[in-house]
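The residues making up each chain are set out below.
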Amino acid sequence: MSLLLLAPALLLVGVVFLWPLLRYAWLSGHAASVLTGLVPLANGGANWQRLLSDGRFWQDTLQTLRFAGVSLSLELLLGLALALLLHQPLRQRGAVRAAVLLPWALPTTVMALGWRWLLNDPYGPLNRLIQGLGGSPYGFLSTPATTWLFTVLADVWKSTPFVALLLLAGLQTIPPELEEALLLEGAGPLQRLWRLTLPLLAPYLLLAALFRLAQALGVFDLIQVLTGGGPASSTESLGLYAYLNGMRFLDFGYSATVMLGMFLLVLLLTSGLLLLRRGWQGTLR
Amino acid sequence: MTGWFPPLPNPARRLIAVVLAFWLALAGGLALARARRVTVGVLMPAPFADATAELVQQFNRDHRSVQIAVSRGPLDTEALSDLAISSLLLGDAPYDLLLMDVTWTPKYAAAGWLEPLEPLLGDQALAGMAPGAQAGNAFAGHLWRLPLLADMGLLYWRTDLMAAPPRTTTELETIARGLQRRGAVSWGYVWQGRQYEGLSCVFLEVLRGFGGQWLQHDAGQAPQPALQSPEAIAAANWLSGLVRQGITPRAVATVSEAEALQIFGAGEAAFMRNWPYAWRELTRPGSAVAGRVGVAPLVAVPGEQAAATQGSWGFSLLKGSRHPREAAEVLRWFTSEAVGRQLAIRYGYTPVWTSLLEDPSLEAALPLLPALRQGLLHAELRPLTPVYAQLSDALQRQLSALLSDDQPAALAMARAQRQSALILQAAGETP
Amino acid sequence: METRRPQAGEADAAMSGLELQRLCRHQAGRALLEDLSLQVAPGEVLALLGPSGCGKTTTLRLLAGLDPVSSGRILLNGREITAEPAGARQVAMVFQSYALYPHLTVVGNLELGLEVRGMPAAQRRDRIAAVIDLLQLQGLELRRPAQLSGGQRQRVALARALLRQPQLMLLDEPMSNLDAQLRDALRPELRQLLRGSGHPAIYVTHDQQEALGLADRIAVLHQGRLQQLGTPHALYHDPANLFVASFLGRPAINLLAAEAGRQLALRPEHLQLVSQGGLPVQLRQREWLGAQQLLWLESSRGPLKLLCGADQTLEEPLEVSWRVDRELWFDASSGERCRLGPL
């Protein structure tokens, strides 16, 4: 009976999630590209073998991890600060919250174009400012060693509001008298944050981290528009590499393999986060 | 029937019967006519759709049985490709005709998405077009595409800063350095250096100008990349040298067509490499350089012929079209001389027909015509292979590293050579 | 402090206990508390009693330092704490919801406050052991709040407050979340605990039973103003106004129809059934309360409730009477008590 009630949900999960996954898994065992006229021909583990020895895949994996790790950390940190700020009784709280959410509401491509203009060398506002201060324009998007930082910056700008809002919702579930009780016990703001707010906010922090980690590991459109993966592929993500192989090279077999590699990475890291939570809850019991 | 029909005198009954029969016949005829009316769906980037809108309206008025329905796609070449490929992958294509970039043809043909045109249009469909415009439409023994307009790389120069455009690479450097030293311009030469297809186009032109080739076709052998040749390394060196010397801004690693146009259009550069469309933007009233811009062939080393990368747009017939004959008819009309003339006069589109290219009466509307004619004579096609996107991507990666990361040219080209060889080898091995 | 001129009644109370001087709290143009002055002696339990919104919780929050005072002063053991931050006041509070930290065990809840104050671990252990003994929390040390019953939570909250050895104890309806039986059991316990601390305690409640049973003195608040301050006995038998008279006492006091601008109030237990010479009444309803019964009567001066022994027999015709010294007279328009006898 309960299985029957669950059936629609299971069906939805199956169609929306499992089916594409199975299809990718199947495709990754085939050569399916322009060279085969898009007809899938079984090629054993050739795609996987290629993936293991594909230096570009591993370089993109490291670049994706770097992007996700740094932007996730910054977003959690800034998101928490923003949430704590918005949690204070402010005048026009509704309007302030709406304004803060604006970057999140903006379509990624529009946002990325905006950042491309902002970081333009030498006409972007940022470089004009630098020039106005007597400096020489900086190649924000043309310096392989640092360009990834600016993709992180754009991502942080866009996604911090989302994290902040999620954490704000979490803050609002904490009864105010808990903090008042600790205040009466003589705890300072940092002690209250560390000993009370953060532990109670942990489930929300974890949720935000899970969401953002999965999203950041799959980053595509932001990078595609902002840098196109350049310069010298220094900002290329796994998502972009999978896209290149699929939509540009029409090599769907290998694209599916890259996609699955990316999926395994997401799975590994998110389940790592979940295990971390279990361990953390265990120590509290 | 008689029981239901009210009693009427005989003549009245006859009259009613005649009127009824007449109406039935009329309705049936109209339905038939509508059934025979065929709508041909065309997907093209929005600017092309805008430019051809009036002509399409005229076509739809003049033709009863065939109607054209234009879908406006995104302006960006890759975005249009993504849209087209997504709908093609879903199977039943919602369009009959697709306006394609020249580099897509072998890929789409190999994917089995295109219908060969010669059975519908005959073997002579390209006859009468400039040779530079004819190239790139046939692949593997079939004709897949007819060009709507020609496109090629051009050197834009400032007529107020020099008497004549440079012809060699050294001349360009000397003039640029002189002007920069005088403070007349901030930059000498701007071109497309962002990691994208435009960079491959720029490099191909320089490569040819240094006497090199992208792929080497030896008789009886599969084509091999020739990116590690002394000419190719010299070409790469020249490009990175422009950046090192400050003739080209370091920011070139982020520059696509629009950014180049922005810098040159602001009067801050002596030279620019761009496509013909830039002319209209630069001569528009209010442009900072209006009346001070000339167009010339790209530069080469002495003794070599400067080449212009060919980048045309053309129509292909998609497999699965329900009305291939009517679609072919529309395709022939779109690429006809008459439409080409209108588009050249109204929008400055480069015609593909020799008769138009050599028509002096068009020069008033299209001052660039002699330069375009000249360019088409030396148009250089990018490698005609289904794996072109991979080859270009491998080259862009290394060139981008060369320009942004101070990678030595010899190293960058050695890597590009090795990766290109692997791509071609894999392509040769697959059954 | 030295420059201020001493006021009447202040001289001896200034040194110990709690003193509130003309305390006011306004928020967004609304007066939540108006001009409250009172004193609580060490070891005394003062109940703040009143309906919701009367200002009793506001007072508590001002004393705790959770809300700013608009005007007036608070003195604790002779020290002015009006502007002192909450954490520095040495004031402990038991919240209505108990405000136990849900992520910590019972010991964790007790320990956190001591820890943030930097008390050494050994000393913390001793203090916690003592308070666990006092409140009989043995065996619950490692439970989380969610695993405790309501009564256990209340004891933990109390333990946490006592642990701090505060100079002032504030309790905000600490028993409102408990069932009646548990409340009856805990009341004497709590009373003993608060008395024994040797510091003033303020107990906020809207339950008169609790206030009457627990407090040494009661302050009745209504619409932000103090109505009357006194012992439970004084408030019950000698109410200062109609509000106090009708708020205290269950079943509620009888209000007889006003005559000549004055209103007579009589407690139900002060009415007696007589066979003649009284006010004729009709019986509407009888309510059995076990040892007593409550009669709902109708008279020419309005409806009356009468409390009498459960075995009292009823013989028609019914008449009620009362002793004149039980009469409570109020000004019908102001509600203030009239000290004069009947006209």
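Predicted model only: the values in this text are computed from it and were never measured.

A. Examining the interface of chain B and chain A more closely. Facing 25 residues of chain B, the contacting portion of chain A comprises 25 residues. Secondary-structure elements contributing two or more residues to the side of chain B that touches chain A are α3 (77–89), α4 (105–110) and α16 (388–404) of chain B. Looking at the side of chain B that touches chain A element by element, the count peaks at seven residues for α16(B). Considered class by class, the residues forming the side of chain B that touches chain A number ten nonpolar, eight polar and seven charged.

B. Looking closely at the domain arrangement of chain C. Along its sequence, chain C is carved into domain 1 (18–237) and domain 2 (253–331). Relative placement of domain 1 of chain C and domain 2 of chain C: their C-alpha centres are 39 Å apart.

C. Layout of the sheet that holds strand β10 (residues 225–230) of chain C. Residues and elements named next belong to chain C. Strands sit in the order β6-β7-β8-β3-β9-β10 across an open sheet of six strands; the sheet is mixed. Whereas interior strands pair on both sides, the edge strands pair on one side only; in this sheet they are β6 (91–94) and β10. Mean inter-strand twist for the sheet, computed between neighbouring axes without regard to direction, equals 20°. Here β6 runs beside strand β7 (residues 168–172); their pairing, made up of four bridges, is parallel. In the sheet register, M93 faces β7, and the bridge partner there is L170. Sheet strands touched by helix α1 (residues 56–64): β3 (45–49), β6, β7, β8 (201–205) and β9 (217–222). Its angle to β7, the strand with the most contacts, is close to 145°. Against the sheet, helix α4 (residues 150–163) touches β6 and β7, its axis set at about 180° to β6.

D. Region of the structure containing the nonpolar core. With 186 residues, the main nonpolar core has A:L167, B:L97, B:Y156, B:Y189, B:V190, B:F203 and B:F271 as its most contacted residues. Looking at this core element by element, the count peaks at ten residues for helix α7 (residues 147–172) of chain A. For this core, the two domains that each supply at least three residues are domain 1 (34–144 + 313–380) and domain 2 (154–309 + 383–429) of chain B. Apart from residues no more than four positions distant in its own chain, B:V190 is found in contact with B:T248, B:V252, B:V255, B:A260, B:I263, B:F264, B:A269 and B:M272. Judged by nonpolar contacts, the second largest core, of 91 residues, contains C:V94, C:Y98, C:A201 and C:I253.

E. Examining the pairing of strand β11 (residues 269–274) of chain B more closely. Residues and elements named next belong to chain B. Of all six residues that make up β11, six are buried, and the element is covered over most of its length. Where strand β8 (residues 187–190) and β11 come together, three bridges link them in parallel fashion. Bridge pairing in β11 links W187 to A269.

Rules of the game
- Residues numbered from 1 in each chain as written.
- Chains lettered and ligands numbered in written order.
- Predicted model: local features only at pLDDT ≥ 70, side-chain atom pairs only at ≥ 80, totals over all residues.
- Contact = placed C-beta atoms within 7 Å.
- Helix = DSSP H or I, 4+ residues; strand = E, 2+ residues; numbered from the N terminus.
- Nonpolar A, V, L, I, M, F, W, Y, C, P; charged D, E, K, R; others polar.
- Domains from an automatic or database assignment.
- Pairing = 2+ DSSP bridges.
- Axes fitted to C-alpha atoms, helices over the stretch in contact; angles between N-to-C directions.
- Core = buried A, V, L, I, M, F, W, Y, C linked by C-beta atoms within 7 Å.
- Buried ≥ 20, exposed ≤ 12 C-beta atoms within 10 Å, placed from the backbone.

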